[in-house]
Amino acid sequence: MTARRRFYKDVTVTGELGIALDGRPVKTPMKAPLRLPTRALARIVAAEWAEQGDEITPATMYFTKLANTAIDRVAKHRAAIVREAVDYANSDLVCYRTDRPPELVARHVGAWDPIIDWAMTDLDAPFEVTVGILHRPQPQAALAAFGEAVKALSDFELAAFHSIMTLTGSALIAMMLARQAATPEAAWAAAHVDEDYQTGHWGEDAEAQARRAARHAEFMACCRFMALARG
C-alpha cells in the first residue's frame, strides 16, 4: 500500500476496544470494525496511528496490518491457515541438517535439537530430523499434535504466528514463541544459524543487512503483537 496524506488529529481507543480517528471508527480493508482482543493491544495500535506523520505509511504499521489480517483473513479462513501451518511443519527448517562442516553441524545441534526436544515434551509431537535437503515426511502423530496446538491459537495469535513462521522459515520456532517457550532473541538466532554461519565466513553487504533489519523489525512487532493479544 502506498502512503496517503494524514486526515485526522486525534486517535482514541473506544469502549469496545476499537480505534477512532477524530471520533470516527477505523475499519479493516474489508470494512469490518477494527476491534482488538485486549486493551493493551488496542493502545499499541492506536499509538501506531498517532505516531504517523503528515503522511500515513501503511508499510510501517505492523500492528494494524496484523489486526486487519486477523479479522479479514484468519477469522474467515482458519482451517486453511491451520493446514498451511501443518504443511510448513512437515518440512520445517530445524529438521533438515548438514553433515559438514563440523562447525555448522555443531551449530545445528546446539540451536535446533532443543526445539525438537521441546516439541516432543511440550506438544507430544515426535518430529524427526534428517541430513540433506530432500523432503522427508514427518510422522502423522507429530503433525496431528502440532495441528492441535495451532488450532488452540486465537485469530489474533494465529495472524502473528503465521507471519513469524514465514519470517523464520520454521513453524516449530513460531510455536515456541506462541507458547512462551523461547525469547524473541533466541528464536531469531535459531532461525538464522545457516545465514549467520555464511556471513561469518563471507561477510554481508549493505543491501542484505538492510533486508535483514527490515525483517527483524517486522518479526519483533509480530512477537509483541502475539504477546499482547494473549493478554
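Just so it is clear, the structure is predicted and the values come from calculations on it, not from any experiment.

Asker: Would you mind showing me how to read the layout of surface pockets here?
Answerer: It is a probe the size of a water molecule, rolled over the atoms, that shows where empty space is left. Its boundaries defined by the atoms lining it, the second largest pocket holds a volume of some 150 Å³. Forming the walls of the second largest pocket are Leu 93, Tyr 96, Arg 97, Thr 98, Leu 104, His 108, Trp 112, Gly 132, Ile 133 and Asp 194. Contributing elements (two or more residues each) for the lining of the second largest pocket: β6 (96-97) and α4 (102-123). A total of 3 residues in the lining of the second largest pocket trace back to one element, the largest contributor, which is α4. Here the lining of the second largest pocket is composed, by residue class, of 5 nonpolar, 3 polar and 2 charged.

Asker: Is there a simple way to think about the side chain of Ser 163 in this case?
Answerer: Residue placement: Ser 163 occurs in helix α6 (residues 155-168). Once you skip the residues sitting within four places of it in the chain, Ser 163 turns out to touch Leu 66 and Cys 222.

Asker: Honestly, the side chain of Glu 157 in this entry has me stumped. Any pointers?
Answerer: Relative to the elements of secondary structure, Glu 157 occurs in helix α6. Residue Glu 157 is classed as buried on the basis of its relative accessible area of 11%. From its side chain, Glu 157 meets the backbone nitrogen of Ser 154 in a polar contact 2.9 Å long.

Asker: Explanation requested: unusual backbone geometry in the structure shown.
Answerer: For residues that are not glycine, phi is negative in most cases, and the peptide bond is trans in most cases. Backbone torsion omega between Arg 100 and Pro 101 reads -5°, so that peptide bond is classified as cis. Following the sequence through the fold, Pro 101 ends up in the loop between β6 and α4. Within the chain, Leu 17 stands out as a residue other than glycine whose phi angle is a positive 65°. Here Leu 17 is to be found in the loop between β2 (11-13) and β3 (19-21). The exposure class of Leu 17 is buried, given its relative accessible area of 15%. In the Ramachandran plot, Asp 22 falls in the positive-phi region, its phi being about 50° despite a non-glycine side chain. Inspection of the secondary structure assignment puts Asp 22 in the loop between β3 and β4 (24-25).

Asker: Could you clarify how one ought to interpret the packing of aromatic side chains in this entry?
Answerer: For any two aromatic rings, the description comes down to two numbers: the centre-to-centre distance and the angle of the planes. Summed over the entire model, instances satisfying the criterion amount to 7 aromatic pairs. Note on Phe 156 and Phe 225: the rings are 6.2 Å apart at their centroids and 25° apart in plane angle, and the pair reads as stacked. Of this pair, Phe 156 sits in helix α6 while Phe 225 is found in helix α10 (residues 206-230), placing the two residues 69 residues apart along the sequence. Across the pair, Phe 225 and Phe 156 agree in class, each one buried. Through successive ring pairs, a cluster of aromatic residues spans Phe 7, Tyr 8 and Trp 49.

About the criteria used
- Residues numbered from 1 in each chain as written.
- Predicted model: local features only at pLDDT ≥ 70, side-chain atom pairs only at ≥ 80, totals over all residues.
- Heavy atoms only, no water.
- 1 Å grid on protein atoms, 1.4 Å probe; cavity = no way out; pocket = protein on both sides within 12 Å on 5 of 7 lines; lining within 4 Å.
- Points joined across faces, edges and corners; volume = space filled by probe spheres on them.
- Helix = DSSP H or I, 4+ residues; strand = E, 2+ residues; numbered from the N terminus.
- Nonpolar A, V, L, I, M, F, W, Y, C, P; charged D, E, K, R; others polar.
- Contact = heavy atoms within 4.5 Å.
- Buried < 20%, exposed > 50% of the residue type's maximum accessible area, 1.4 Å probe, protein only.
- Polar contact = N/O pair within 3.5 Å; in protein donor to acceptor, adjacent residues only side chain to side chain.
- Phe/Tyr/Trp six-rings, centres within 6.5 Å; stacked < 30°, edge-to-face > 60°.

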